[in-house]
Structure formats: C-alpha cells, structure tokens
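Coordinates in review
Chain residues, written in single-letter form:
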Amino acid sequence: AQSVTQPDIHITVSEGASLELRCNYSYGATPYLFWYVQSPGQGLQLLLKYFSGDTLVQGIKGFEAEFKRSQSSFNLRKPSVHWSDAAEYFCAADGEAAGNKLTFGGGTRVLVKP
Amino acid sequence: DVKVTQSSRYLVKRTGEKVFLECVQDMDHENMFWYRQDPGLGLRLIYFSYDVKMKEKGDIPEGYSVSREKKERFSLILESASTNQTSMYLCASSYPGQEIATNEKLFFGSGTQLSVL
C-alpha cells in the first residue's frame, strides 16, 4: 500500500546537538515530498519540499532534507538544535504518484533538553 | 496575511449529537481539506473539495460529511457524534493554479480539539 512512514515516534535531543528525523515513502514513482512542523497549539507550517533536481533541499529555520531514491527516504536534519525546535514534525507526500492528495506520516515529536 | 480560521478551538459534545466544524479561508483558494490528527497516526484526510459544491472522500470519510456552499467556507459535519471521533480536526486550503504539486502550498488552521463524551 502507498504510504509515508516515520519510524520514530519520539526523539529527545540536547540543545546544540544535531537532529535527524527519518521518513520513508512507499509509492510506485517518486512523489513530491514535504516536511511540516507543528508547534504546540499551532497549525502546521511547511519547512521544505522536494520536487526534483538537487537531492539536498534547504528549508526554513536552518533545516535541510536529503532525498535518497535508493532508500526511498527523505530524512530531515538540523546541525544544531535550539530549544524552540521542540515540536512535532510530519513528513508528507503529494503529486500524481501519491494520488494528488497530501498523505502524512505518523509524526515525530521532538523534545529538546537544556 | 494568509488566514485559515476554524470557528472553535475546543469543543465538547455528547454522543449522538450532530456536530458542525466550520472553516473559513480568506485567500480565494479552490482547494479545501479536512484532516483529523491522532497521536501516532499523523494527519489523515477525511474529505476534500476542489471547488464549490464539489466534494471527494479522503481516506477516512466514514461517519463524516461535508458542505461547500461558498468558496471560502468548508464545513465538516458529524451526523451522530461518537466517542471514537474525539480528535484534533485540522482544516487546510491551497491554490492549485501555479503550483507544481496540487497541494504544494497548504495553509492550515490552528485546529479544533473535539471531545465527544
């Protein structure tokens, strides 16, 4: 079945440490890929997106993501986490390969230790 | 500034009640969506609409219906609320015309936390 999977439900990271959130997709072709962030009590905000071309994508708030076709992955990274990065992060897929509707992974909640 | 407004932040209803969740966007977007968000399950699409009076079922439409009488307003209806519909409901909208992906720029409301007792 077509899907987006985020294997980690929770991740705890120390402030200043690096962060990597995993995302795997399962579609017949490569869909368009997105990362969203949801801060407590807020709606979702788009961090970055991948359509084609350069497999390393830069986003807002210092985040980047790397598309790896061979691994069907689109992992999100940040070199140095700030306390304000504590939030829930969602990977999503859209486009013709994904049925032209945005499909989300289960989310990863990030806790930041001082 | 872009805005998607959901009428209630918190809502408490009783089992069997008819529940209306309202969403209004001020961006003249054609596309509007209703998702529910549950821990560990992410966001799941309930219904969506690509035009006035048009609706399409998403992945989990059972127990829900929608109404889109005006372009800016998309209502989610629970005909007879049940406890398993306790959830966070998120409305979103997008404008398809200039984007590569149909839903490249999805704008979300802040959500309605519905509790059904």
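Notes on the structure follow. Just so you know, these numbers come straight off a predicted model, no measurement behind them.

The subject of this paragraph is the interface of chain A and chain B. The partner chain B presents 21 residues to the 20 residues of chain A that form the contact. Together chain A and chain B conceal approximately 1,700 Å² of surface at their shared face, both sides included; 53% is due to carbon and sulfur atoms. Linking chain A with chain B are three residue pairs in polar contact (both at pLDDT 80 or more), by the criterion used here. Elements with a minimum of two residues in the side of chain A that touches chain B: β5 (32–38), β6 (44–50) and β10 (87–94) of chain A.

Residue and element names in this part refer to chain B. Counting buried residues along strand β10 (residues 87–94), eight of its eight residues qualify, which places the element largely inside the surrounding structure. Of the two faces of β10, both are covered, the one formed by S87, Y89, C91 and S93 as well as the one formed by M88, L90, A92 and S94. Alignment of strand β5 (residues 31–38) against β10, held across seven bridges, turns out to be antiparallel. Bridging across to β10, R36 finds its partner in Y89. Here β10 pairs with strand β11 (residues 107–108) via two bridges, running antiparallel. Counterpart to A92 in the pairing with β11 is F108.

Let us now look at the pattern of salt bridges. Overall, the coordinates contain 12 salt bridges over all chains when judged by the stated rule. Between E88(A) and R109(A) there is a salt bridge whose closest N-O contact spans 2.9 Å. Note that E88(A) is positioned in strand β10 and R109(A) in strand β12 (residues 108–113), a separation of 21 residues in sequence. The exposure class assigned to R109(A) is partly exposed, which follows from its relative accessible area of 35%. Note that E69(B) is salt-bridged to K53(B), the shortest N-O span being 2.5 Å. Note that E69(B) is positioned in strand β8 (residues 65–70) and K53(B) in the loop between β6 (42–49) and β7 (56–57), a separation of 16 residues in sequence. For the pair E69(B) and K53(B), one class covers both residues: exposed. Overlapping salt bridges, with partners in common, bring together E64(A), E66(A) and R77(A) in one network.

Definitions and limits used
Residues numbered from 1 in each chain as written. Chains lettered and ligands numbered in written order. Predicted model: local features only at pLDDT ≥ 70, side-chain atom pairs only at ≥ 80, totals over all residues. Heavy atoms only, no water. Contact = heavy atoms within 4.5 Å. Buried area = accessible area lost by both parts, 1.4 Å probe. Polar contact = N/O pair within 3.5 Å; in protein donor to acceptor, adjacent residues only side chain to side chain. Helix = DSSP H or I, 4+ residues; strand = E, 2+ residues; numbered from the N terminus. Buried < 20%, exposed > 50% of the residue type's maximum accessible area, 1.4 Å probe, protein only. Pairing = 2+ DSSP bridges. Salt bridge = Lys/Arg side-chain N within 4 Å of Asp/Glu carboxyl O.

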